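# Summary of the model geometry
Spelled out from the first residue to the last, the chains are:
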Amino acid sequence: MMNEVENKDYLQTLISLKQRVLQAQYNSYSAVNSEMILAYLDIGKIISEKTKTGWGTSVIQQLSKDLQAEFNGVKGFSERNLHRMKLVYEEMQENAISPQLVAKLHWGHTSLIFSKIKDKAERAFYLEKAQTEAWSRSILEEKIRFDLYANYLQFQSNFDKTLSSQEIAAYHLQFKDEYDLSFLNLPDHHTERQLQNALVANITKMLGQFGSDFAFMGQQFRLELDDKEYFVDLLFYHRKLKSMIAIELKVNEFKPEYSQQLNWYLHLLDKTVKYPEDNPSIGILLCKTKSQLTVEYALEIVNKPMGVATYTYSQLPKEIAQNLPSAEQLAVIFNTNDE
């Protein structure tokens, strides 16, 4: 039971919170989701401050009941959610996460991230990706379940020696160690040109894999020096990093000479195509397979920022896929049927 002073303090706090929610409801007609999220953060702040002065679980239980009674039919004021508002607010304060970043997401997204993810850097990663990639809650849940963050962390690059310490984290978390290209429906044995053409033909789905900040600049992008021509398989511009991204496709295992070739392309891009206000160009070698150690050694002797990733393209288990007819066999079958 609360004494008279505590009861007065509680009632004043309850009135203040009611007014804040009413204000949020009014403003949310124009601001849709963000104003209510900011209200949740304000509630989290107040509860956090009050618990430091002696509020316990029983008081938060009562607060939940009173808010739900006042705003009948409005979801979000369960005791569990009030505790989560407090948690989210405190974590944001501790890790300098911008309220505006959280406010751009539905509370369900934020709640899911904070309930499933304990690591602070990983939380910040999913908060940003969910917002920039416009993930639905179900997609976000799938990304967390398949540990997308780990895929980004495992990406092999030489960024630590070619970029500044401030840039490394921002750049590294833009690229994955493995890309799922199953949507291409490629035959088991395909050429680099087939892979390249299939990616361009499915550019929207490809951008879904790489990210919304990638803007496509061209296929077989031509570079010229001393009357000699060189061609970058796929060239993108990354709006957030303000860098050109040169992607070289290889349908076999990574070889050290691939990184040397890409290093030359990046040098030419920076010398002949890059604008003065742009950051240095970045290279990505997308190979069928790679040896971690070979990649590590090869990247030590190139001076342009680049990384090496692999791709998967078959949705069927290998033992099933290898027994299916090839594209050439299917063509013969269909041509026969047409006669």
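Now for a quick tour of the structure. (Residues numbered from 1 in each chain as written. Predicted model: local features only at pLDDT ≥ 70, side-chain atom pairs only at ≥ 80, totals over all residues. Heavy atoms only, no water.)

## Some thoughts on the layout of surface pockets
For clarity, the cut-off: Any residue with an atom within 4 Å of a point lines the site, the site being either a cavity, points on a 1 Å grid over the protein atoms alone where a 1.4 Å probe fits but cannot get out, or a pocket, an open set with protein on both sides within 12 Å along at least 5 of 7 lines. Grid points are joined across faces, edges and corners, and a volume is the space filled by probe spheres set on the points. Only runs of H or I of at least four residues qualify as helices and only runs of E of at least two qualify as strands under DSSP, and these elements are numbered from the N terminus. Note on residue classes: Ala, Val, Leu, Ile, Met, Phe, Trp, Tyr, Cys and Pro are nonpolar, Asp, Glu, Lys and Arg are charged, and everything else, Gly too, is polar.
By volume, the largest pocket is sized at about 670 Å³. For the largest pocket, the lining is made up of 26 residues, of which K143, L148, K176, D180 and Q209 are closest to its centre. At the level of elements, α8 (137–145), α9 (148–153), β2 (178–180) and α13 (203–210) are the ones that each hand at least two residues to the lining of the largest pocket. Looking at the lining of the largest pocket, its residues break down into 10 nonpolar, 7 polar and 9 charged.

## A look at the pairing of strand β7 (residues 306–312)
For the record, the criterion: Only protein chains enter the accessibility calculation, which uses a 1.4 Å probe; a residue whose area is less than 20% of its type maximum is buried, one above 50% is exposed, and one in between is partly exposed. Pairing between strands is defined by DSSP: at least two bridges between them are needed. Convention used here: a crossover is right-handed provided that the path from the first strand, over the helix, to the second strand proceeds clockwise when the strands point away from the viewer.
Counted residue by residue, β7 has 6 buried out of 7 residues, so it is predominantly covered. Where β2 and β7 come together, 3 bridges link them in parallel fashion. Note that in β7 the partner of Y179 across the bridge is Y311. Of the pairings in the sheet, the one linking strand β6 (residues 282–289) to β7 comprises 5 bridges and is parallel in character. Along β7, the bridge assignment pairs C287 with T310. Between β6 and its parallel partner β7, the chain crosses via helix α15 (residues 292–299), and the hand of that crossover is right-handed.

## Focus on the pairing of strand β5 (residues 243–253)
Of all 11 residues that make up β5, 9 are buried, and the element is covered over most of its length. Counting the residues in the hairpin turn of strand β4 (residues 228–238) and β5 gives 4 residues, including K242, whose phi is positive at 55°. Each parallel crossover has a hand, and for β5 linked through helix α14 (residues 256–272) to β6 it is right-handed.

## Describing the packing of helix α3 (residues 57–70) against helix α4 (residues 79–95)
For clarity, the threshold we go by: What counts as an axis is a line fitted to C-alpha atoms, over the stretch in contact for a helix, and the angles between N-to-C directions run from 0 to 180 degrees. These descriptions rest on fixed angle ranges, namely under 35 degrees for roughly parallel, over 145 for roughly antiparallel, 65 to 115 for roughly perpendicular, and the rest for oblique. Working rule for handedness: look at the near helix, and if it is turned counterclockwise from the far one by less than a right angle, call the crossing left-handed; if clockwise, right-handed. Any pair of residues with heavy atoms lying within 4.5 Å of one another is described as a contacting pair.
Viewed as axis vectors pointing N to C, α3 and α4 meet at an angle of 115°, and their least axial separation amounts to 9 Å. Judged by the angle between their axes, α3 and α4 are roughly perpendicular. Crossing handedness for the pair α3 and α4: right-handed. Each of T57, I60, Q61, L63, S64 and L67 in α3 lies in contact with α4, whose residues at this interface are E79, L82 and H83. Considered class by class, the residues forming the contact of α3 with α4 number 4 nonpolar, 4 polar and 1 charged.

## Quick notes on the packing of aromatic side chains
Applicable threshold: Side-chain rings of Phe, Tyr and Trp (the six-membered ring for Trp) are treated as a pair once their centres are within 6.5 Å; stacked means planes under 30 degrees apart, edge-to-face means over 60, and tilted covers the remaining angles.
Applying the stated criterion across every chain, the model contains 20 aromatic pairs. Taking 5.9 Å as the distance between ring centres and 45° as the angle between the ring planes, the aromatic pair formed by Y10 and W55 counts as tilted. Pair noted here: Y10 is in helix α1 (residues 4–31) and W55 is in the loop between α2 (34–52) and α3, with a separation of 45 residues, a long-range link. Classification of Y10 as buried rests on a relative accessible area of 3%. The buried category is assigned to W55, whose relative accessible area is 11%. Both rings, one in F175 and one in F214, keep their centres 6.0 Å apart while their planes meet at 80°; by these two values the pair is edge-to-face. On the criterion of sequence distance, the pair formed by F175 in the loop between α11 (165–172) and β2 and F214 in strand β3 (residues 214–225) is long-range, its members being 39 residues apart. For F175, a relative accessible area of 0% gives the class buried.

## Points about the side chain of S111
To be explicit about the condition: For the purposes of these results, a polar contact is taken to be a pair of N or O atoms within 3.5 Å, where, inside protein, one atom must be able to donate a hydrogen and its partner to accept one; residues adjacent in sequence count only when each atom of the pair is a side-chain atom.
Looking at where S111 falls in the secondary structure, it is placed in helix α6 (residues 107–116). For S111, a relative accessible area of 9% gives the class buried. Within polar-contact distance, the side chain of S111 engages the side chain of R84 at 2.7 Å.

## What about the packing of α4 against α6?
If you want to describe how two helices pack, look at the angle between their axes and the distance between the axes. In the contact formed by α4 and α6, the axes pass within 11 Å of each other and the chain directions differ by 75°. Taken together, the axes of α4 and α6 are roughly perpendicular relative to one another. Facing N81, R84, M85, L87, V88 and E91 of α4, the residues of α6 in contact are W107, T110, S111, F114 and S115.

## Things to note about the nonpolar core
This is how it is decided: Residues belong to a common nonpolar core when they are buried Ala, Val, Leu, Ile, Met, Phe, Trp, Tyr or Cys residues joined through side-chain atoms within 4.5 Å.
Among the nonpolar cores identified, the biggest contains 42 residues, and I43, L63, L67, F77, L82, Y126 and L140 are the most heavily contacted of them. Examining the composition of this core, we find that 7 residues originate from one element, α2, more than from any other. Leaving out residues up to four positions away in the same chain, F77 has contacts with V21, Y40, I43, S64, L67, Q68, F71, L82 and M85. Among the nonpolar cores identified, the runner-up in size contains 29 residues, and Y171, L181, L195 and L199 belong to it.

## What about the environment of Q61?
With respect to the helices, strands and loops of the structure, Q61 is situated in helix α3. With a relative accessible area of 36%, Q61 lands in the partly exposed category. The sequence separation of Q61 and L82 amounts to 21 residues, and the corresponding C-alpha distance is 9.0 Å.

Shape descriptors only; they carry no functional weight alone.
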